[in-house]
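Observations on the three-dimensional arrangement
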Amino acid sequence: MFYWLLKYVLLGPLLKLIFRPDVRGLRNVPADGPVILACNHLSFSDSIFTPLMVNRRVTFVAKAEYFTGKGIKGKLMRQFFLGTGTIPVDRSGGQAAQAALDTLLRVLREGGIAGIYPEGTRSPDGRLYRGKTGVARLALESGARVVPVALLNTDEIQPTGTLIPKIRRVRMTFGAPLDFSRYGASRGDRFVERAITDEIMYELMVLSGRPYVDIYASKLKTTIEAPAQGQIRTAPVGVEGTGKGEA
């Protein structure tokens, strides 16, 4: 109930008025059935703007720290995420991260929409980084179609570390749905999971126009350094252009 109240009464109309969203390809989001929204991740505000544009309810995961803050700010943030159905995830990995994926899988099996950031964390410099295979496991286990979602300028609206966003028109593109049912018999095959993930990241690269870096964003040091020769690619390894997902 609180989700729809925020979206259509308390927060959504104001955000649309201020940020005047320029959204392309929204018709690519299926009207029913399980769907995974696979998004590039540029800003804290990605998890606000993406669900705002979709008529159906979208369930995202967010780092557990958002739910454990202290004081008034921490309490307000915790209530906001709980009210919007966001699931906390321990980014240290292991069983805690798997629990979040299991919860998203339940959402999909109930015919809902799960939002996920395949990179696993916000891009430190705006480029697109190697995807983690959790998104592929979700697709294979649920049979859900995957819609790549390119956030185009949220890093300009709310750069990492800033609290107050800049008033600019938010732009995003929803790509054509990707159907991986042909791999249904290959669940648990890590090579298939990597191939699926790379295909999703290729579509995000095409839609976003961002350079692709073939390393995990979480592996980078705090101080951003230029990647070694050969790490920046025009596409994920083993993936060729398919022509899908263009707005």
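Residues numbered from 1 in each chain as written. Predicted model: local features only at pLDDT ≥ 70, side-chain atom pairs only at ≥ 80, totals over all residues. Heavy atoms only, no water.

1. Quick notes on helix 2 (residues 12-19)
Burial in helix 2 covers these residues: G12, L15 and F19. The buried residues of helix 2 occupy an angular sector of 65 degrees when the element is viewed end-on, so they sit on one face. Buried positions along helix 2 lie against helix 1 (2-10), helix 3 (46-53) and helix 7 (154-157). Of the residues one or two after helix 2, R20 is the one with positive phi, at around 40 degrees. (Buried < 20%, exposed > 50% of the residue type's maximum accessible area, 1.4 Å probe, protein only. Helix = DSSP H or I, 4+ residues; strand = E, 2+ residues; numbered from the N terminus. Arc of directions from axis to C-beta. Contact = heavy atoms within 4.5 Å.)

2. So, unusual backbone geometry
At R20, a residue that is not glycine, the phi angle is positive and equals roughly 40 degrees. Tracing the backbone shows R20 in the loop between helix 2 and strand 1 (22-24).

3. So, the packing of aromatic side chains
Under the defined criterion, the tally for this structure stands at 5 aromatic pairs. Seen in terms of ring centroids, W4 and Y8 are 5.9 Å apart; in terms of plane orientation they differ by 10 degrees. Their pairing is stacked. One end of the pair, W4, and the other, Y8, are both in helix 1, 4 residues apart, so they sit about a helical turn from each other. With a relative accessible area of 31%, W4 lands in the partly exposed category. When the ring of F60 is compared with that of Y117, the centres are 5.1 Å apart and the planes differ by 25 degrees; the resulting orientation is stacked. Separated by 57 residues along the polypeptide, F60 in the loop between strand 3 (58-59) and strand 4 (61-63) and Y117 in the loop between strand 6 (113-116) and strand 7 (128-129) bring together distant segments of the chain. Across the pair, exposure class does not vary: F60 and Y117 are buried alike. An aromatic cluster of at least three residues, connected via ring pairs, comprises Y3, W4 and Y8. Sitting above the plane of the Y3 ring, R57 keeps its charged end 4.6 Å from the centroid. (Phe/Tyr/Trp six-rings, centres within 6.5 Å; stacked < 30°, edge-to-face > 60°. Lys NZ or Arg CZ within 6 Å of the ring centre and 35° of its normal.)

4. Let's talk about the sheet that holds strand 8 (residues 145-151)
Overall, mixed pairing links the 6 strands, which are arranged 1-9-8-2-6-3 in an open sheet. The open sheet is flanked by strand 1 and strand 3, the only strands paired with a single partner. Pairing of strand 3 with strand 6 involves 2 bridges; the strand directions are parallel. Directly across from T59, in strand 6, lies its bridge partner A114. Against the sheet, helix 6 (residues 134-142) touches strand 2 (35-39), strand 6 and strand 8, its axis set at about 165 degrees to strand 2. (Pairing = 2+ DSSP bridges. Axes fitted to C-alpha atoms, helices over the stretch in contact; angles between N-to-C directions.)

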